[in-house]
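Notes for the structure review
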Amino acid sequence: LDLRVQKQLYTLRGHTDGLTACGFMKGNAQAFTSSLDRTVKLWDLEKGQTLRSIPANSAVMCAAVHQSSGMIVAGHNDGTVSVWDPRSSDRLSIPTRVAQNRGLVGVRIAPDGRSLLSQADDGVVCVTAMDAMRTLNTLSGLGSVAWPSVPAFSLDGMQVLARGMNKVTCWDVGSGKELCSHEGHDPLCVCWDLPQAVSAHGGGHAALWGTEEGL
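Residues numbered from 1 in each chain as written. Predicted model: local features only at pLDDT ≥ 70, side-chain atom pairs only at ≥ 80, totals over all residues. Heavy atoms only, no water.

**With respect to the overall build of the protein**
When helices and strands are counted, the protein shows zero helices and 19 strands. Taking 2.2 N^0.38 as the reference for a compact globule, 215 residues should give roughly 17 Å; the C-alpha atoms of the protein span a radius of gyration of 17 Å, in line with that estimate. Evaluated residue by residue, the protein yields a buried proportion of 47% over its 215 residues. At a minimum sequence separation of 6, the contacts of the protein that also span at least 24 residues come to 35%. Only carbon and sulfur atoms are counted for the fraction: they give 50% of the accessible area of the protein, which is about 11100 Å². Each charge sign in the protein was given a centre, from 18 positive and 20 negative side chains, and these centres are 7 Å apart. (Helix = DSSP H or I, 4+ residues; strand = E, 2+ residues; numbered from the N terminus. Rg over C-alpha atoms; globule rule 2.2 N^0.38 Å. Buried < 20%, exposed > 50% of the residue type's maximum accessible area, 1.4 Å probe, protein only. Contact = heavy atoms within 4.5 Å. Areas by Shrake-Rupley, 256 points an atom, 1.4 Å probe, with all protein chains shown as cover. Lys, Arg positive; Asp, Glu negative; His and termini not counted. Charge placed at Lys NZ, Arg CZ, Asp CG, Glu CD.)

Okay, here's the thing in C-alpha cells:
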C-alpha cells in the first residue's frame, strides 16, 4: 500500500495458513512475514514477489527483525525460538527452548542485537543471549496472556516492558529486578520505540508512561 496516494501496489500471496507477523527490512525494499504454515518468507516489495521461503520445524507464532543487522527471530508454538540471518544463511537456526510446554506469543530483538525477548502464553518473559542462545533472565508475575503479546525493550536496552491480562510490568534487564508495575485497564499491547513507553488498552484508550515516575 502506497500511503502517499492511498493505492494498493501488490497483494503478496504464498502462505497457506494464517499470518502471525510481518515487517519491513532495512531500506524498506524488502519485507518478511511469518505464518502458522511453518514458514518465514522474505519478499521483494518492488516486484511483489517472494525472494525466499524458509521452513520451520513448527508453526511460527511470532517473529521480529533487527533493523540494523537484518536478523530475524521466530517464536514457535512449542516454546522454542530460532534465528535466521538472510545475509549468510538459507535456513533457521536449530530451535532453542525458552518456555516449557508453552507456546510463544511475542518476540523482540534488543536495540544492540545482542539479546532477544520472548513471551510465552503463561506471561513469562525470557531474556536470551543471541550469541550462545542461553537464558540470561526469566521475568515472571504477569499471569496468562493471550496471543499476540510482544514485549518491548527500552531504547537503551536496559529495561523490559511487557503486559499480562490485567497488568503492565517493567524490569531491569541485567538484574531481572521488577522496577514498577501497574494493574488494571485491560492492557492489549506495549511499545517502547520512543523515549517514553506506550500501552494500548481495552475501551479505546492509550497510556503514555513517564520514565522518571515509572508506571
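**What to know about the sheet that holds strand β4 (residues 49–55)**
Taken in spatial order, the four strands make up an open sheet running β1-β2-β3-β4, and their pairing is antiparallel. Two strands lie at the open edges of the sheet, namely β1 (19–24) and β4, each paired on one side alone. Direction aside, neighbouring strands of the sheet carry axes that sit 20 degrees apart on average. Across five bridges, β1 lies against strand β2 (residues 30–35) in antiparallel orientation. Pairing of F24 across the sheet is with A31, part of β2. (Pairing = 2+ DSSP bridges. Axes fitted to C-alpha atoms, helices over the stretch in contact; angles between N-to-C directions.)

**Structural notes on the sheet that holds strand β14 (residues 159–163)**
If you walk across this open sheet you meet the four strands as β13-β14-β15-β16, and the pairing is antiparallel. Each edge of the sheet is formed by a strand with only one pairing partner; in this case those strands are β13 (152–153) and β16 (178–183). Here β13 runs beside β14; their pairing, made up of two bridges, is antiparallel. Bridge pairing links F153 to V160 in β14.

**Things to note about the nonpolar core**
Residues V73, V81, V83, L104, V107 and M130 are the most contacted members of the largest nonpolar core, which totals 17 residues. Listing elements by their share of this core, those giving two or more residues are β5 (60–65), β7 (80–84), β9 (104–109) and β10 (115–120). Setting aside its immediate chain neighbours within four residues, V81 contacts V73, A74, G75, H76, I94, P95, T96, V98, L104, V107, S118 and M133. Formed by 14 residues, the second largest nonpolar core is a distinct cluster that contains M25, L42, V60 and A74. (Core = buried A, V, L, I, M, F, W, Y, C linked by side-chain atoms within 4.5 Å.)

**Things to note about a nonpolar patch on the surface**
Together, L9, Y10 and L12 give the surface a local cluster of nonpolar side chains, amounting to about 260 Å² of exposed area. Within the secondary structure layout, Y10 lies in the segment before β1. On the basis of relative accessible area, Y10 is assigned to the partly exposed category, the value being 39%. (Patch = residues over 30% accessible without salt bridge, like charges linked within 9 Å, V, L, I, M, F, W, Y side chains within 5 Å. Salt bridge = Lys/Arg side-chain N within 4 Å of Asp/Glu carboxyl O.)

**Focus: the pattern of salt bridges**
A complete count under the given rule lists four salt bridges for this structure. Across the salt bridge formed by D85 and R87, the nearest N and O atoms sit 2.8 Å from each other. What makes D85 buried here is its relative accessible area of 15%. Accessibility expressed as a relative area gives 59% for R87, which makes it exposed. Taking the shortest distance from any N to any O, the salt bridge between R102 and D122 comes out at 3.9 Å. Highlighted residues: R102 in the loop between β8 (96–97) and β9 and D122 in the loop between β10 and β11 (125–129), separated in sequence by 20 residues. Within this structure, R102, D121 and D122 form a network of salt bridges that share partners.

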